[in-house]
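# Notes for the structure review
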Amino acid sequence: MKRPKLKKASKRLTCHKRYKIQKKIREHHRKVRKEAKKRGCKKPKKDPGVPSAAPFKEELLREAEQRKQRLEELKQKQKLNRQKEHEKKRKLEAKKNAAKITEKAEGKGSSGKSKAKTNKLLDKNSKKSFCRELKKVIEASDVVLEVLDARDPMGCRCPQLEQAVTCCGGDKKLLLVLNKIDLVPKENLEKWLNYLKKEFPTVAFKSATLMKDKTMPEQFTKRRARVDLSRTTECFGSKCLLKLLQEHGKAQNKAIQVGVVGFPNVGKSSIINSLKGVRACNVGLARGVTKSMQIVHIDKQTKMLDSPSIIADPSNSALALALRSIIDTEESGSADVLEGVDAILNHCSKQQVMMHYSIPDFRNTEEFLTLLAQKRGMLKKGGVPDVENIAKLLLCDWTGAKISYHSQPPGSQRPPPYLTEDKIAEMQECFNLKNLEEENNNTVQALKYPSPASSIIFQSAGMANGTIDENKVIEVASEWENLETSKEGKEEEEEDFTESDDDQDDVEEEEKDVKEETKVQVPRKAKLGKLQTSPTNSEKQIAESEHSNSLSFSLDKTADEDDAYDFNTDYV
């Protein structure tokens, strides 16, 4: 058996070890000094003070002391201000907490509604604010450019917007800009230009996708030097559009404001950037990047007004809502996204979709998404295909400029009821249509197009209805508010139901006191009778009922009854 150590172990070292440590320390210090010399870092020299021989020494010293005192006073003031701010914050938090408690006590429903309303007012991304900004743009502009995606021009047209512009009176004009023409076969593009020019003056346009940001400094790197930006930065149709606008400005003898309007992801901001030649407006793959009116000066005579997207009406078809509504793919539910993908696949040729994604035959959308997720390696834990994320990615591809698809124009020319012959003539006057046709032909000839075989044939759902008035959006918002308030109410009820253990104990004690005073036993037999009459189809239901009854008995029993055997339990 070992003897226990009574004394602490000595911290003494052998001389050899101690000298070795000292030597290493000296070497380390020498190394640090060498590195400091190389860097040129020197130790800060101490303040030598005012020399005794210097004139006005006393005055200088007094000034130095005064500076020190001022600095100290400033520090103290700052400290006091910080303390005051902290106190204010604490008081505000205490008030908020008190208000919350009173709201809960008064009424849960009314407080929930008020919170929802305040959130709606503060939220700049709300549909109501989008409508307000869009209306501002329409009212302020002399010429309105309705931007259409060349892959589905009919689906990008909004009858409510066109009616608002044509029927407002004055010299307000509406032009159609057919954007993303490089994603459509040449023959299809020519058909659409011939169809649309009979209703409104139409400009073929291909905006530049990569633009230099004027706010960011230029950075030259080896990697960037290798990338060929000629195709992406090149813009087609900008000269034609600017010429049209300048001619209209000269006819009016004033500087004109041009509003750019359309559904999300049609390329409104990118058209303005292409005309300006610099990235003046924010552009992104996400829908609804532009949230308010933005003014961009092209030259002395023309101002461009960028607007937020038109909000798609909920009464539209599933396809129109999938491609034209402002959906935040990160926040939106999986059911909406899957429904949108299903609508897109139903309006396309199945064989062409299979060829494009190089996927075998599929029976439904879920199978298609699982095959695509497996092919692209988008898998969850355990190798399960991530269907939700692949669906979101597919929606982004279809609204962005990745996939080439085209829709056929209608067989017969049937203008909408608000477009009479007089209105069409009114919209086309002040524009040189012959020059416009020539310029469009030049842009069509200059571009490279995908072959009809590689482009997916798409069946358009027709014009998409949009909401421009704020009042129409309020009704939808109020429904959502009611849903939110009902959810909040349920959550609060659940919170109230899950009380603390102490509260539950108090409740149980009160119940026991009541039982002792009234001397009334709990009708257990009635409960058992109900359980017997309830249908017991499976063994699981029986087990659950037994568990629930055992819990109820344990709660209802008093201290004296706990020891006694209850024969009623045999029936269960």
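Everything quoted here is computed from the prediction, not taken from an experiment.

## What about the overall build of the protein chain?
Each helix and strand counted, the protein chain has 23 helices and 10 strands in total. Split into buried and exposed, the 572 residues of the protein chain put 34% on the buried side. In the protein chain, the proportion of contacts linking residues at least 24 apart, taken out of those at least 6 apart, comes to 76%. On the protein chain, roughly 39000 Å² of surface is accessible, and the fraction owed to carbon and sulfur atoms is 52%.

## Focus on helix α1 (residues 15-39)
An ideal rise of 1.5 Å per residue puts 36 Å on 25 residues; α1 measures up with 37 Å between its terminal C-alpha atoms. Looking one or two residues beyond α1, the residue adopting positive phi is Gly40, at roughly 90°.

## Considerations on a nonpolar patch on the surface
Taken together, the side chains of Leu13, Ile21 and Ile25 define a hydrophobic patch exposed on the protein surface, amounting to about 250 Å² of accessible area. Position of Ile21 among the secondary structure elements: in helix α1. Look at Ile21 and you get partly exposed, because its relative accessible area is 40%.

## Looking at the confidence of the model for the protein chain
With 71% of its residues at a pLDDT of at least 70, the protein chain reaches an overall mean of 75. Mean pLDDT values for the elements of the protein chain range from 39 in helix α21 (residues 524-533) up to 94 in α1. The model gives residues 213-231 a pLDDT under 50, and that stretch makes eight contacts with residues more than four places away or in other chains. Low pLDDT, under 50, characterises residues 474-505; the predicted model gives this stretch 15 contacts beyond four residues in sequence or across chains.

## Re the pattern of salt bridges
Tallied over the full model, the rule gives 15 salt bridges. Put simply, Arg363 and Glu367 hold a salt bridge, and the shortest N to O gap is 3.0 Å. Looking at Arg363, the relative accessible area reads 76%, which means it is exposed. Given a relative accessible area of 23%, Glu367 falls into the partly exposed group.

## Considering the nonpolar core
Core analysis: the biggest nonpolar cluster contains 65 residues, and Leu145, Leu178, Leu189, Leu241, Leu245, Leu275 and Met304 have the highest contact counts within it. The contacts of Leu241, once residues within four sequence positions are left out, are Leu145, Val177, Val203, Phe205, Ile271 and Leu275. Counting 27 residues, the second largest nonpolar core, distinct from the first, contains Ala322, Met354, Phe368 and Ala391.

## Observations concerning the environment of Ala446
Relative to the elements of secondary structure, Ala446 occurs in helix α18 (residues 433-446). A residue is classified by how much of its surface remains accessible, and Ala446, at 46% relative accessible area, is partly exposed. Distance in space between the C-alpha atoms of Ala446 and Phe236 is 8.2 Å, their sequence separation being 210 residues.

## So, the sheet that holds strand β2 (residues 173-179)
Pairing within the open sheet is mixed, and its six strands lie in the order β3-β2-β1-β4-β6-β5. Sheet topology places β3 (202-204) and β5 (294-297) at the edges, where each strand pairs with a single neighbour. Neighbour-to-neighbour, the strand axes of the sheet open up by a mean angle of 25°, direction not taken into account. As paired elements, strand β1 (residues 143-149) and strand β4 (residues 256-261) share four bridges and run parallel to each other.

## Some words on helix α7 (residues 186-196)
Those residues of α7 that sit buried are Asn188, Leu189, Trp192, Leu193, Tyr195 and Leu196. Down the axis, α7 shows its buried residues gathered within 165° of arc, on one side only. In the core, the buried residues of α7 are packed alongside β1, α5 (153-156), β2, β3, β8 (405-406) and α18.

## Examining unusual backbone geometry
Positive phi, close to 60°, is recorded for Asn253, a residue that is not glycine. If you trace the backbone, Asn253 turns up in the loop between α10 (238-252) and β4. Of note in this structure, Asn265 is not a glycine but carries a positive phi near 65°.

## A word on the packing of α7 against α18
For the pair α7 and α18, the least separation of the axes is 11 Å and the interaxial angle reads 165°. Taken together, the axis directions place α7 and α18 in an arrangement best described as roughly antiparallel. As for the relative orientation of α7 and α18, their crossing is right-handed in sense. From α7, Lys186, Leu189, Glu190 and Leu193 reach across to α18, where they touch Asn440, Val444 and Gln445. Of the residues in the contact of α7 with α18, the class split is three nonpolar, two polar and two charged.

Cut-off values and rules
Residues numbered from 1 in each chain as written. Predicted model: local features only at pLDDT ≥ 70, side-chain atom pairs only at ≥ 80, totals over all residues. Heavy atoms only, no water. Helix = DSSP H or I, 4+ residues; strand = E, 2+ residues; numbered from the N terminus. Buried < 20%, exposed > 50% of the residue type's maximum accessible area, 1.4 Å probe, protein only. Contact = heavy atoms within 4.5 Å. Areas by Shrake-Rupley, 256 points an atom, 1.4 Å probe, with all protein chains shown as cover. Expected span 1.5 Å × (residues − 1). Patch = residues over 30% accessible without salt bridge, like charges linked within 9 Å, V, L, I, M, F, W, Y side chains within 5 Å. Salt bridge = Lys/Arg side-chain N within 4 Å of Asp/Glu carboxyl O. pLDDT = per-residue confidence, 0-100. Core = buried A, V, L, I, M, F, W, Y, C linked by side-chain atoms within 4.5 Å. Pairing = 2+ DSSP bridges. Axes fitted to C-alpha atoms, helices over the stretch in contact; angles between N-to-C directions. Arc of directions from axis to C-beta. Parallel < 35°, antiparallel > 145°, perpendicular 65-115°, else oblique. Left-handed = near helix turned anticlockwise from the far one by under 90°. Nonpolar A, V, L, I, M, F, W, Y, C, P; charged D, E, K, R; others polar.

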